[in-house]
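Per-entry structural report
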Amino acid sequence: VDSVGSIDIGIKIVPEGENLVINLINQNLQMFSKDWEIDNANRIVYGNKFIDISDFVLSDGYRTIFIEDYNNKGIELNLNNFDFLLINGIINYNKIDFAGEGTVFGRVANIFDKPQIVADIQIPEFTLNGVDYGALGIRLDDDSGKTNATINLNRVEDELLLLVNASLDKESKALDGT
């Protein structure tokens, strides 16, 4: 199974005024059957309703994970070159087999007040149970009392196109979609 193998990370925490400065030190990080490195210059400054993340990059030489702050009030995550067959182990349902390499972007803005979530998944060659369905794009956002989702599936060779837009009003629980 392609998952986390070994995590041996040192954490250095130093008070700096009202803030804490955090640095992770890679001693042995193995994930998804590979050895991973953490940029030694990584730095997280955490304070009262404040976060500053710089140089927080993990890589196995091909796949990368970038974590950074968003306007010092949120966190952004970028996963590059990830094979979505990893989802199969998470959902643990043997009748569905996902695959396809792509990117994931996620953001949680305003984490100290009213969190706003955005996620974007792009898989240029998405397969399901071994069948190529073309390019898959999924976008989710959660803001202002509504959760919105867009799914775009596009297979050029036979002009297969699926576009789904949905919106959920959190208060009334009303679902609207096209």
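Fair warning: this is a prediction, and the values are worked out from it, not measured in the lab. (Residues numbered from 1 in each chain as written. Predicted model: local features only at pLDDT ≥ 70, side-chain atom pairs only at ≥ 80, totals over all residues. Heavy atoms only, no water.)

Some thoughts on the pattern of salt bridges
Put simply, the rule is: Whenever a carboxyl oxygen of Asp or Glu lies within 4 Å of a side-chain nitrogen of Lys or Arg, that contact is scored as a salt bridge. Put simply, DSSP H or I for four residues or longer makes a helix, DSSP E for two residues or longer makes a strand, and each gets a number counted from the N terminus. Think of it in three bands: with a 1.4 Å probe and only protein chains considered, a residue is buried below 20% of the maximum accessible area for its type, exposed above 50%, and partly exposed in between.
A complete count under the given rule lists six salt bridges for this structure. Notably, a salt bridge pairs Glu16 with Arg43, separated by 3.6 Å at the nearest N-O pair. You can see Glu16 sitting in strand S1 (residues 4-16) and its partner Arg43 sitting in strand S4 (residues 43-47), a full 27 residues away along the chain. You can call Glu16 partly exposed: its relative accessible area is 41%. Residue Arg43 is classed as partly exposed on the basis of its relative accessible area, which comes to 33%. Two residues, Glu76 and Arg107, come together in a salt bridge whose shortest N-O distance is 2.8 Å. Pair noted here: Glu76 is in strand S8 (residues 74-83) and Arg107 is in strand S10 (residues 101-109), with a separation of 31 residues, a long-range link. Here the salt bridges do not stand alone but share partners, grouping Arg155, Glu157 and Asp158 into one network.

A few points about the pairing of S8
Condition: Note on pairing: two strands pair once DSSP finds at least 2 bridges between them.
Taken together, the seven bridges between strand S7 (residues 64-70) and S8 define a ladder with antiparallel strand orientation. In the strand pairing of S8, Ile67 is matched with Leu77. As defined by bridge partners, S8 adjoins S10 across seven bridges and the pair is classed as antiparallel. Within S10, the position partnered with Glu76 by the bridge is Arg107.

So, the packing of aromatic side chains
The line we're drawing: The pairing test for Phe, Tyr and Trp rings, Trp by its six-membered ring, is centres within 6.5 Å, and the orientation test on the planes gives stacked under 30 degrees, edge-to-face over 60, and tilted for anything in between. Geometrically, a lysine NZ or arginine CZ counts as sitting over a ring once it is within 6 Å of the ring centre and also within 35 degrees of the ring normal.
Across all of its chains, the model carries five aromatic pairs by this definition. Three or more aromatic residues joined by ring pairs make a cluster, and in this case those are Phe32, Trp36 and Phe82. The residue whose ring lies beneath Arg63 is Phe82, and the NZ or CZ to ring-centre distance is 6.0 Å. Note that Arg107 overlies the ring of Tyr70, its terminal NZ or CZ placed 4.1 Å from the centroid.

So, a nonpolar patch on the surface
The condition is simple: Patch construction takes residues with relative accessible area above 30% that form no salt bridge. Like charges are linked within 9 Å, and nonpolar side chains (Val, Leu, Ile, Met, Phe, Trp, Tyr) are linked within 5 Å. Here the open area of atoms and residues is found with the Shrake-Rupley method and a 1.4 Å probe, where only the protein chains shown may cover a residue.
Together, Ile11, Ile13, Leu20 and Tyr46 make up a nonpolar patch on the protein surface, roughly 390 Å² of accessible area in all. The topology assignment puts Ile11 in strand S1.

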